[in-house]
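Here are the chains, one letter per residue:
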Amino acid sequence: MIEKIQQLLSEVEAQSVTNADAAEAFRIHYLGRKGVLKDLTEEFKAVPNEMKREVGVLLNTLKNEIQQKIEGAKGDDQAVATSSGADLTRPAGDLPLGSRHPISIVRREILDIFSRIGFTVCEGPEVEDDWHVFSGLNFPPEHPARDMQDTFFVEGEDRLLRTHTSSVQVREMERRQPPIRIVMPGRVFRNEAVSSRSHCAFHQIEGLYIDKDVSFADLKQTLLYFAKEFFGKAEIRLRPSYFPFTEPSAEMDVYWGLETEVDHRITKGTGWLEVLGCGMVDPAVLEASGIDSKVYSGFAFGMGIERIAMQRYQIGDLRMFFENDLRFLKQFSSVS
Ligand code: DAH
């Protein structure tokens, strides 16, 4: 019997059991109800007592050997599953990616364009005081120009929501001396009825450049550069306008063209697109913030981001920017 078991041992050792099917056949052959080990166990009963120890140990070794082969095949199977069953070169499934809000896309692009010619970004508070929003910008008390912008007043003394980002100009001019070359993005608030063309909260970008010998020609060139970069259009015009804090003041239009029906609609039939307000900083504004207007001069400009984004993406209703409807927002997911 010892010889028989030893023979079986080497037989088992020599076999290679590589997959689950083979392991099952192997198990049935050796450990099954009519398997080899069953017979051996029967035979073992007839082994003389003095031999039982030796034969028993050998029999156990055989059993363990068989068991290990089966376990080993299972392990192999798992290894095979990961190495060949799963294709590791397959591209991963899609991760749902968010997208930037169209207002953020346009804001980033505008700031980037100005940063390329040396403008840095500054921000200021949304809850302001009268000085930074009005008085420091040459709006005298009771002056009708204050009515150009309907203001939200906050309870308490001298607190209001800024109606424009021009307030950040004042803060920066008070804080430091020229040269100042900054762009100031931010949210502004006006007490206006919400409609497809206006909202009580929206976004602006303000620009300010103060140094020695800054002229109106510098303003024009800066704005022309912006129009070329942002709109890809090379023709602008400046129409005389009025703002209390700039003198002279102007509004800039970009020549858009009048070829298609859309051109007619977005330019109201003129071919020109209204883009921003601008002007030379009024010397009184410089002086009010502690900058010597005999030494320094500067220009400023301010634009509404929603308006520009509406033109860019052909959005007919400004309220869409604030509704956060995913069907709307997802349309911008391919834009950087
Ligand atoms: N603050 C103005 C507005 O909200 C826009 C503006 C006009 C800003 C002329 C300027 C400027 O800096 O020079 O309507």
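Only a predicted model underlies this, so the values are computations on that prediction, with no experimental measurement involved.

Undergrad: I would appreciate a short explanation of the layout of surface pockets in the present structure.
TA: Any empty space left between the atoms is revealed when a probe the size of a water molecule rolls over them. One number sums up the size of the largest pocket: a volume of about 860 Å³. Arg 190, Phe 202, Gln 204, Gly 304 and Arg 307 are, among the 37 residues lining the largest pocket, the residues nearest its centre. Secondary structure elements with two or more residues in the lining of the largest pocket: helix H7 (166-175), strand S5 (201-211), strand S6 (236-243), strand S7 (246-255), strand S8 (272-281), strand S9 (297-304) and helix H11 (305-313). For the lining of the largest pocket, the class distribution of residues is 16 nonpolar, 13 polar and eight charged.

Undergrad: Got a minute to help me understand the packing of aromatic side chains in this structure?
TA: Remark: the centre distance and the inter-plane angle together describe each pair of aromatic rings, the angle taken between the planes. Throughout the structure, instances matching the rule amount to 18 aromatic pairs. Geometrically, the ring pair formed by Phe 139 and Phe 245 is tilted, given 6.0 Å between the ring centres and 35° between the ring planes. You can see Phe 139 sitting in the loop between helix H6 (130-133) and strand S3 (160-161) and its partner Phe 245 sitting in the loop between S6 and S7, a full 106 residues away along the chain. Judged by its relative accessible area of 2%, Phe 139 falls in the buried class.

Undergrad: Hey, could you run me through the site of the ligand in this one?
TA: If you check the shell around the ligand, you find 16 residues, and the closest are His 164, Ser 166, Arg 190, Gln 204 and Glu 206. One of the side-chain nitrogen or oxygen atoms of Ser 166 is found 3.0 Å away from a nitrogen atom of the ligand. Interatomic distance of 3.3 Å between a backbone N/O atom of Phe 301 and an oxygen atom of the ligand. Notes on the ligand: free accessible area 360 Å², of which the protein chains cover 91%. At a threshold of 2 Å from the grid points, most atoms of the ligand map onto the largest pocket.

Undergrad: In this structure, what is going on with the packing of helix H1 (residues 2-14) against helix H2 (residues 20-31)? I would like to understand it.
TA: For any two helices packed against each other, one specifies the inter-axial angle together with the distance between the axes. Where H1 meets H2, the closest approach of the two axes is 13 Å, and the angle between their N-to-C directions is 175°. Relative to H2, the element H1 is oriented roughly antiparallel. The residues of H2 that touch H1, namely those facing Leu 8, Glu 11 and Val 12, are Phe 26, His 29 and Tyr 30. Residues that form the contact of H1 with H2 fall into these classes: four nonpolar, one polar and one charged.

Undergrad: In this structure, what is going on with the environment of Phe 332? I would like to understand it.
TA: In this structure, Phe 332 sits in the segment after helix H13 (326-329). When the C-alpha positions of Phe 332 and Ile 105 are compared, they lie 8.8 Å apart, and in sequence the two are 227 residues distant. Phe 332 has contacts with Ser 99, Arg 100, Pro 102, Ile 105, Tyr 313 and Ile 315, leaving out every residue within four places of it along the chain.

Undergrad: Hey, could you run me through the sheet that holds strand S1 (residues 120-121) in this one?
TA: Neighbouring strands of a sheet are bound in pairs by backbone hydrogen bonds; such pairs are parallel or else antiparallel. Strands sit in the order S1-S4-S5-S9-S8-S7-S6 across an open sheet of seven strands; the sheet is mixed. Both outer strands of the open sheet, S1 and S6, are each paired with one neighbouring strand and no more. By the bridge criterion, eight bridges tie S7 to S8 in an arrangement that is antiparallel. Counted as the bridge partner of Ala 250 is Cys 278 from S8. Across the sheet, H11 lies against S5, S8 and S9, angled at about 55° from S9, the strand it touches most.

Undergrad: I would appreciate a short explanation of the nonpolar core in the present structure.
TA: The tendency in soluble globular proteins is for nonpolar side chains to be buried as a group. Counting 42 residues, the largest nonpolar core has Ile 110, Phe 226, Phe 231, Leu 276, Phe 301 and Met 303 as the members making the most contacts within it. Mapped onto this core, the elements with two or more residues apiece are helix H5 (102-115), S5, helix H8 (216-231), S7, S8, S9, H11 and H13. What Phe 226 contacts, discounting residues up to four positions off in sequence, is Ile 110, Ile 113, Phe 114, Phe 231, Met 252, Val 275, Leu 276 and Met 303. Judged by nonpolar contacts, the second largest core, of 22 residues, contains Phe 139, Val 168, Ile 182 and Phe 245.

Undergrad: Before we go on, may I ask you to explain the pattern of salt bridges in this structure?
TA: Using the criterion set out here, one finds 16 salt bridges in the structure. Taking the shortest distance from any N to any O, the salt bridge between Lys 45 and Glu 42 comes out at 3.3 Å. Note that Lys 45 and Glu 42 are positioned in helix H3 (residues 36-45) at a spacing of three residues, about one turn of the helix. A relative accessible area of 58% places Lys 45 in the exposed class. The partly exposed category is assigned to Glu 42, whose relative accessible area is 45%. A salt bridge links Arg 239 to Glu 251, with the nearest nitrogen and oxygen atoms 4.0 Å apart.

Undergrad: Help me understand unusual backbone geometry, please; the structure alone is not making it clear to me.
TA: A negative phi angle characterises most non-glycine residues, just as the trans form characterises most peptide bonds. Along the chain, Pro 178 connects to Pro 179 via a cis peptide bond; the corresponding omega equals 5°. Considering the arrangement of structural elements, one finds Pro 179 in the loop between H7 and strand S4 (180-189). Following Glu 247, the chain continues to Pro 248 via a peptide bond in cis, the omega torsion being -5°. Looking at where Pro 248 falls in the secondary structure, it is placed in strand S7. In the Ramachandran plot, Gln 314 falls in the positive-phi region, its phi being about 55° despite a non-glycine side chain. With respect to the helices and strands, the residue Gln 314 is situated in the loop between H11 and helix H12 (320-323).

How each quantity is defined
Residues numbered from 1 in each chain as written. Predicted model: local features only at pLDDT ≥ 70, side-chain atom pairs only at ≥ 80, totals over all residues. Heavy atoms only, no water. 1 Å grid on protein atoms, 1.4 Å probe; cavity = no way out; pocket = protein on both sides within 12 Å on 5 of 7 lines; lining within 4 Å. Points joined across faces, edges and corners; volume = space filled by probe spheres on them. Helix = DSSP H or I, 4+ residues; strand = E, 2+ residues; numbered from the N terminus. Nonpolar A, V, L, I, M, F, W, Y, C, P; charged D, E, K, R; others polar. Phe/Tyr/Trp six-rings, centres within 6.5 Å; stacked < 30°, edge-to-face > 60°. Buried < 20%, exposed > 50% of the residue type's maximum accessible area, 1.4 Å probe, protein only. Near = heavy atom within 4 Å. Polar contact = N/O pair within 3.5 Å; in protein donor to acceptor, adjacent residues only side chain to side chain. Areas by Shrake-Rupley, 256 points an atom, 1.4 Å probe, with all protein chains shown as cover. Sits in = over half its atoms within 2 Å of the grid points. Axes fitted to C-alpha atoms, helices over the stretch in contact; angles between N-to-C directions. Parallel < 35°, antiparallel > 145°, perpendicular 65-115°, else oblique. Contact = heavy atoms within 4.5 Å. Pairing = 2+ DSSP bridges. Core = buried A, V, L, I, M, F, W, Y, C linked by side-chain atoms within 4.5 Å. Salt bridge = Lys/Arg side-chain N within 4 Å of Asp/Glu carboxyl O.

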